[in-house]
Amino acid sequence: MSELIAKTNIGQQAAGMVDTEHGRVRKELYSDPEIFEEEMDLVFNNNWIYIGHESEVPEAGSFKTAFVGRHPVIMSRDRKMNIHVLQNRCRHRGATVCEGRKGKTKAFTCPYHGWGYGLDGSLRALPKPEEYDGVFDKKDMPLESLRWESYQGMVFATFNKDIQPLEDFLGGAKKWIDLFMKQGGGYPLKVLGEHRFNFPGNWKIQLENTTDAYHFPIVHKSFVTSLDDATADIFDFLDGEGFVEDLGNGHSVMVMIPQLIDLEADLDQPIPERFNELAQALRDEGKTEDEVKKLVRAAHGTGFNLNLFPNVSCSMAFFRVLRPVSVDETEIQHVALGGEGAPAAFNQKRMRLHEHFQGPMGFGTPDDGEAWERVQKGSMAGTDGWILVNRGMTRLRTSEDGNPQGAVCSETGMRGAYYQYKKAMSTPSAVKSEEK
Amino acid sequence: MKSNTQLLAQVTEFIGYEADLLDHKGYQEWLTLWEEKGLYIVPTDLHETDYLGTLNLALDDAAMRRMRVARLENGESVSADSVGYTVRMMSRVRVLEATPELVTVRCAMTLNELRHGKLVTYPGNVEYQLVPAEDGFTIQQKVVKLLHAEGFLRTVSFIF
Ligand code: FES
Ligand SMILES: [Fe+2]
């Protein structure tokens, strides 16, 4: 019991480290291992966590592995095309039953003693079952499943059975997810591949970054220099009409390029020169001029980053998924997107654009990684100190949807995420109490 | 096994020369080693051979190679400026196929990077397609198959 009280206190202490009045957080939130342990429960066990896109399990028998916080899970599709999210832990003595990023299988067979599970997690067969006569019934021993829900193909799972429906949690972010999905160019959005990398720093450093336009011209100067002038102009957005809007529940949108909010609007604009080759390839495939314009415009990706608390972002043209490994290590996936059934030239262009900036060898990510690593290191200095997220907090306006909105380079989105973090860390765990 | 020791020696010398340029950041000279249509590829999927049709960590044509080098050299990239040195070992060189027009070679690479005082190691297989030239070779294709390409890498601000 005393242990329970102490644990609650850590959550409360962490919540107390978010100073909403002044827009700042204690630097220990990046480096205290006890707070990290508590986050794994209060933030990652108790909330909706993004685990993948439905297109990653396209057929009956497809699976992909993922994590909910630190829990390894499997997302599978059974023969009736239903999706399941299962804990990757054999019910016998705990071995993982599925390895690898993704694949196709008829069943999950445990390597240790050969228990065999169906794609829906049910225990189908085990060697020498007679020794379990009167001990347990097979039907009571499926792989444990998680509650999951999806929106626009984005699958979220949770250990919290009492959590609000996903769509309620997404709330004001749904409109932006809908806009994001238009970049399939008229085809359903599909995962084309992913980049994976890690950095020695706390997960919240990455959470902040997707809604940080302020760093772009500094950290990504070498990327902008590598672009042609017309494209470089597009990325010169700090003085433009962009904004950051707090969408509630920790979600926010950072609009950098307002002309690229709705990819199905303004389709009569001329095709930018750098897309001439793509346009010609699409014409050669027999696409009409209208289709060509739509696809070329979609190939850009959108002009905004939508940050969804706590672990995924719809970031211009890709999904950014974070996974906390330890208090000072975080893994990140940059998931490349294209159109299901879209012309090869379109999907290839999207992959080449992704390779240019994203991933561990892109022209952008290594510089982000360097900055984040330095944040983790620098935040160790001193016995006391704050991380500031108060930029633009006195210059807010109300958006047309009634949300707080600030300049594109304000820290409005970070504050929104930290408010939600504070709420999560001060709410008792629904998962733990259920275990008792 | 029939061996052409002279070709093997030439190829090994060329690979050592390229490696030395990259470790010592002789990027401008490195750019001159390439065929104009050559591709520098670091795949994410080690079983994939359709590089254009899949996502790679890097797939550089001549323009992207020039931009990659410019980024590393122009002093604007905070990560490139903080990379210390790399030391790579190229060995186990084997000629897989040789015609007068094209030599296909596979070798082992271990690249070590000192990064913020920590040693990071990248083992991998490297496959070259080399075009014989008067004084050596030019590179038609270089595919760097990192052992942990499918896992989580540290960010890279040098050239494999
Ligand atoms: S641990 Fe899986 S069958 Fe024994
Ligand atoms: Fe960045």
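Once a new chain begins, its residue numbering starts again from 1 and follows that chain's sequence as written. Written order decides the labels, with chains lettered from A and ligands numbered from 1. The predicted nature of this model means local features are confined to residues of pLDDT at least 70 and side-chain atom pairs, given and counted, to a pLDDT of 80 or more, with totals for whole chains, interfaces and linings taken over all residues. With hydrogens and water stripped out, all remaining heavy atoms of the structure feed into the side-chain values.

A. Fine view of the overall build of chain B. Along its length, chain B carries 4 helices and 6 strands. The order of α-helices and β-strands along chain B, N terminus first, is α-α-β-β-α-α-β-β-β-β. If one aligns the C-alpha atoms of chain B with their principal axes, the spans along those axes are about 45 × 30 × 30 Å. The proportion of buried residues among the 160 residues of chain B is 49%. Surface exposure here means Shrake-Rupley accessible area, sampled with a 1.4 Å probe, where a residue is shielded only by the protein chains that are shown. Carbon and sulfur atoms provide 53% of the accessible area of chain B, an area that totals close to 7,700 Å². We count a stretch as a helix when DSSP gives it H or I for four or more residues in a row; a strand needs E for two or more, and each element gets its number in order from the N terminus. Throughout, exposure labels follow a simple rule: accessible area from a 1.4 Å probe, protein chains only, divided by the maximum for the residue type, with under 20% read as buried, over 50% as exposed, and the rest as partly exposed.

B. View of the environment of A:Ser399. Residues and elements named next belong to chain A. Relative to the assigned elements, Ser-399 resides in the loop between strand E21 (397-398) and strand E22 (404-407). What makes Ser-399 buried here is its relative accessible area of 8%. Once the C-alpha coordinates of Ser-399 and Asp-236 are considered, the two residues, 163 residues apart in sequence, prove to be 23 Å apart. Contacts between residues were defined by any pair of non-hydrogen atoms, one from each residue, lying within 4.5 Å. Filtering out sequence-adjacent residues up to four positions away, Ser-399 remains in contact with Glu-245 and Gln-405. Polar contacts involving the side chain of Ser-399 include one to the side chain of Glu-245, which spans 3.0 Å. Polar contact criterion, stated in full: a pair of N or O atoms within 3.5 Å, where within protein one must be able to donate a hydrogen and the other to accept it, and residues adjacent in sequence count only if both atoms are side-chain atoms.

C. Representation of the pattern of salt bridges within the structure. The term salt bridge refers to a pairing of a side-chain nitrogen on Lys or Arg with a carboxyl oxygen on Asp or Glu at a separation within 4 Å. Under the criterion given, the structure shown has 30 salt bridges over all chains. With a shortest N-O distance of 3.8 Å, A:Lys139 and A:Asp140 are connected by a salt bridge. The exposure class of A:Lys139 is exposed, given its relative accessible area of 64%. A relative accessible area of 47% places A:Asp140 in the partly exposed class. Residue B:Lys142 is joined to B:Glu18 by a salt bridge in which the shortest nitrogen-to-oxygen separation is 2.8 Å.

D. Focus on the interface of chain A and chain B. With 33 residues of chain A at the interface, the matching set in chain B holds 34 residues. For any pair of parts, buried area is found by adding up, for both, the accessible area (1.4 Å probe) each one loses once the two are put together. Summing the contributions of chain A and of chain B, the shared interface buries around 3,100 Å²; its carbon and sulfur component is 57%. Applying the counting rule to chain A against chain B returns 4 salt bridges. The partner of B:Arg71 in a salt bridge is A:Asp367, and the shortest N-O contact between them spans 2.6 Å. Between the two partners, chain A and chain B, sit 21 residue pairs in polar contact (both at pLDDT 80 or more). Every element with two or more residues in the side of chain A that touches chain B is listed here: strand E13 (189-199), helix H7 (221-225), strand E19 (329-339), helix H11 (344-357) and helix H12 (365-378) of chain A.

E. Up close: helix H3 (residues 62-73) of chain B. The end-to-end C-alpha separation of H3(B) is 17 Å, in line with the 16 Å expected for 12 residues at 1.5 Å each. Turning to H3(B), its buried residues are B:Ala62, B:Met64, B:Arg65, B:Arg68, B:Val69, B:Arg71 and B:Leu72. Helix span is expected to be 1.5 Å times the residue number reduced by one.

F. A look at the coordination of the iron ion (ligand 2). Residue and element names in this part refer to chain A. Looking at the iron ion (ligand 2), the protein donor atoms are His-215 (NE2), His-220 (NE2), Asp-368 (OD) and Asp-368 (OD), and they sit 2.0 to 2.5 Å from it. Sites may look incomplete because water is not among the atoms; the donors themselves are N, O and S atoms within 2.8 Å of the metal, or within 3.2 Å for Na, K and Ca. Four donors are marked tetrahedral only if all angles between them lie between 85 and 135 degrees, whereas four are marked square planar and six octahedral if opposite donors are more than 155 degrees apart and the other angles lie between 65 and 115; the remainder are marked irregular. Relative to the metal, the 4 donor atoms surrounding the iron ion (ligand 2) lie at angles of 57 to 153°, and the coordination shape comes out irregular. The sequence pattern formed by the donor residues of the iron ion (ligand 2) is H-x4-H-x147-D. Note on accessibility: His-215 and His-220 belong to one class, buried.

G. Structural context of the sheet that holds strand E6 (residues 83-87) of chain A. Residues and elements named next belong to chain A. The sheet built from 4 strands is open, its strands ordered E6-E5-E4-E7 with antiparallel pairing. A single partner strand is all that each edge strand has here, and the edge strands are E6 and strand E7 (102-104). Sheet twist, expressed as the mean angle between neighbouring strand axes with direction ignored, is 25°. In this scheme, strands are said to pair when DSSP sees at least two bridges between them. Pairing of strand E4 (residues 62-68) with strand E5 (residues 71-77), which is carried by 6 bridges, proceeds in the antiparallel orientation. Across the sheet, Lys-64 pairs through a bridge with Met-75, a residue of E5. In this analysis an axis means a line fitted to C-alpha atoms, helices contributing only their contacting stretch, and an angle means the value between N-to-C directions, from 0 to 180 degrees.

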